[in-house]
Amino acid sequence: MFVIASCTRTTIWPKALPACCTRWTPSLICRLDILIDLISFAAAADLCARSLTSCATKSVNQNVDAIAQVSRVQADGLKEINFSVGKIESPTQQNAALVEESTSAVNNLAKETASLFEMLSRFQIAGGPAKTSRSEEPTLYLAAA
């Protein structure tokens, strides 16, 4: 091994310097050694960064998958609710139509009753005219829309 002491570092090279490097100064060799260390550090840092990025990407993908799964479950739940509301809506509309028909029938009966009272007032019964006064007027009911 060839030991070079310069600056504050001691560089140990695995073999003697080649002939072309005989003019290298200890300072230059120290700088080269520092550059090699920096390159190694940069490569290690790059590897770490890629590893962290990969982990972060996996985490994001897992979160997105979880959100997608929950969204599918919610969509299925909303479909079931929509189906149930549809089943309830039909009878409700039928009931509303029946209530409207009943209200119309009651109003027609009230009008016919008023007409019958008017006709009865024209007849005379033994002992005087027919009693045509009513205790209360028929009330007309309107269906609420």
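All values reported here derive from a predicted model rather than from experimental measurement.

Caption draft 1: A look at the overall build of the chain. Looking only at helices and strands, the chain features one helix and four strands. For the chain, the N- to C-terminal ordering of α and β elements is β-β-α-β-β. The buried share among the 145 residues of the chain stands at 8%. For the chain, the share of sequence-separated contacts (at least 6 apart) that also reach a separation of at least 24 residues comes to 34%.

Caption draft 2: Examining the pattern of salt bridges more closely. Across all of its chains, the model carries two salt bridges by this definition. Across the pair aspartate 46 and arginine 50 runs a salt bridge, and its minimum N-O distance is 2.9 Å. Here aspartate 46 pairs with arginine 50, and both are found in helix H1 (residues 26–120), just four residues apart, close to one helical turn. Here glutamate 118 makes a salt bridge to arginine 122, at a shortest N to O gap of 3.6 Å. For arginine 122, a relative accessible area of 61% translates into the label exposed.

Caption draft 3: The confidence of the model for the chain, seen in detail. Averaged over all residues, the pLDDT of the chain is 76; the fraction at 70 or higher stands at 66%. Residue range residues 1–6 is modelled with pLDDT below 50. Its contacts to residues more than four positions away, or to other chains, number 22 contacts.

Conventions adopted
Residues numbered from 1 in each chain as written. Predicted model: local features only at pLDDT ≥ 70, side-chain atom pairs only at ≥ 80, totals over all residues. Heavy atoms only, no water. Helix = DSSP H or I, 4+ residues; strand = E, 2+ residues; numbered from the N terminus. Buried < 20%, exposed > 50% of the residue type's maximum accessible area, 1.4 Å probe, protein only. Contact = heavy atoms within 4.5 Å. Salt bridge = Lys/Arg side-chain N within 4 Å of Asp/Glu carboxyl O. pLDDT = per-residue confidence, 0-100.

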